[in-house]
Every structure is written in C-alpha cells, then in structure tokens.
Amino acid sequence: MIKLAPHQIFERHGDLFLTALNLGKKWRADEERRLGQFKFAGLKDVVLLEEAIVGLPSFAGLLPRHDDRLILSI
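All values derive from a computational prediction rather than experimental measurement.

Peer 1: Which parts of the structure should I look at to understand the layout of surface pockets?
Peer 2: Gaps between atoms show up when a probe of the same size as a water molecule is rolled over them. Put simply, the largest pocket is a space of about 700 Å³. Lining the largest pocket are 23 residues; nearest its centre among them are L4, P6, V46, V47 and L48. Listing elements by their share of the lining of the largest pocket, those giving two or more residues are β1 (4-12) and β4 (69-73). No other element matches β1, which puts 5 residues into the lining of the largest pocket. For the lining of the largest pocket, a count of residues per class yields 16 nonpolar, 3 polar and 4 charged.

Peer 1: For this particular structure, what's the right way to read the packing of aromatic side chains?
Peer 2: Any aromatic ring pair is given by two values, namely how distant the centres are and how the planes are angled relative to each other. Counted by the stated rule, this structure contains 1 aromatic pair. With centroids separated by 5.4 Å and ring planes inclined at 10°, the aromatic side chains of F10 and F17 adopt a geometry described as stacked. For the pair formed by F10 and F17, the shared burial category is buried. Over the face of the ring belonging to F17 we find R12, whose NZ or CZ atom lies 5.1 Å from the ring centre. Against the face of W27 rests K25, its NZ or CZ located 4.8 Å from the ring centre.

Peer 1: I keep staring at a nonpolar patch on the surface and nothing clicks. Help me out?
Peer 2: A grouping of L16, F40, I71 and L72 is seen on the molecular surface, where their side chains present a nonpolar patch of about 340 Å² in accessible area. The topology assignment puts L72 in strand β4. Judged by its relative accessible area of 51%, L72 is exposed.

Parameters at a glance
Residues numbered from 1 in each chain as written. Predicted model: local features only at pLDDT ≥ 70, side-chain atom pairs only at ≥ 80, totals over all residues. Heavy atoms only, no water. 1 Å grid on protein atoms, 1.4 Å probe; cavity = no way out; pocket = protein on both sides within 12 Å on 5 of 7 lines; lining within 4 Å. Points joined across faces, edges and corners; volume = space filled by probe spheres on them. Helix = DSSP H or I, 4+ residues; strand = E, 2+ residues; numbered from the N terminus. Nonpolar A, V, L, I, M, F, W, Y, C, P; charged D, E, K, R; others polar. Phe/Tyr/Trp six-rings, centres within 6.5 Å; stacked < 30°, edge-to-face > 60°. Buried < 20%, exposed > 50% of the residue type's maximum accessible area, 1.4 Å probe, protein only. Lys NZ or Arg CZ within 6 Å of the ring centre and 35° of its normal. Patch = residues over 30% accessible without salt bridge, like charges linked within 9 Å, V, L, I, M, F, W, Y side chains within 5 Å. Areas by Shrake-Rupley, 256 points an atom, 1.4 Å probe, with all protein chains shown as cover. Salt bridge = Lys/Arg side-chain N within 4 Å of Asp/Glu carboxyl O.

Below, the structure is given as structure tokens:
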C-alpha cells in the first residue's frame, strides 16, 4: 500500500493523472521531497482518507506540461 498526499489532478491526452507526494518514501532530507505523477488507471483499490495534508512548500501549482489540462489543485 502506498499513501499519497495529492496536490493536483490533471488530464493529459484524455487520461487522468495525480501529482502527489508519496508519504511512505524515505527521503534523506525534507528538502529532497518532491512530487511524483501517478496515472489514475494504474492505481488500484484507492481509498480516500479523512486526514489533513500539508502542501509541499515547493509546490508552485504549475502543470507538468504546457498542454496538460488542470482539473483540481490545492
């Protein structure tokens, strides 16, 4: 199981993607933490938790590619 802190949902070529921080990943330092992109079609048994998340301070809200279409952002 992987626990993600979602920051953005966007569409690319008709597919939905999630930009999120993997909360289970071990980083050497907090400054190294970065967001990953996860294709919704590749996620299985998704469960929404009622836990507050803190956005990554370095998150600027920009889409990964210029032709991506924003659905939701924190």
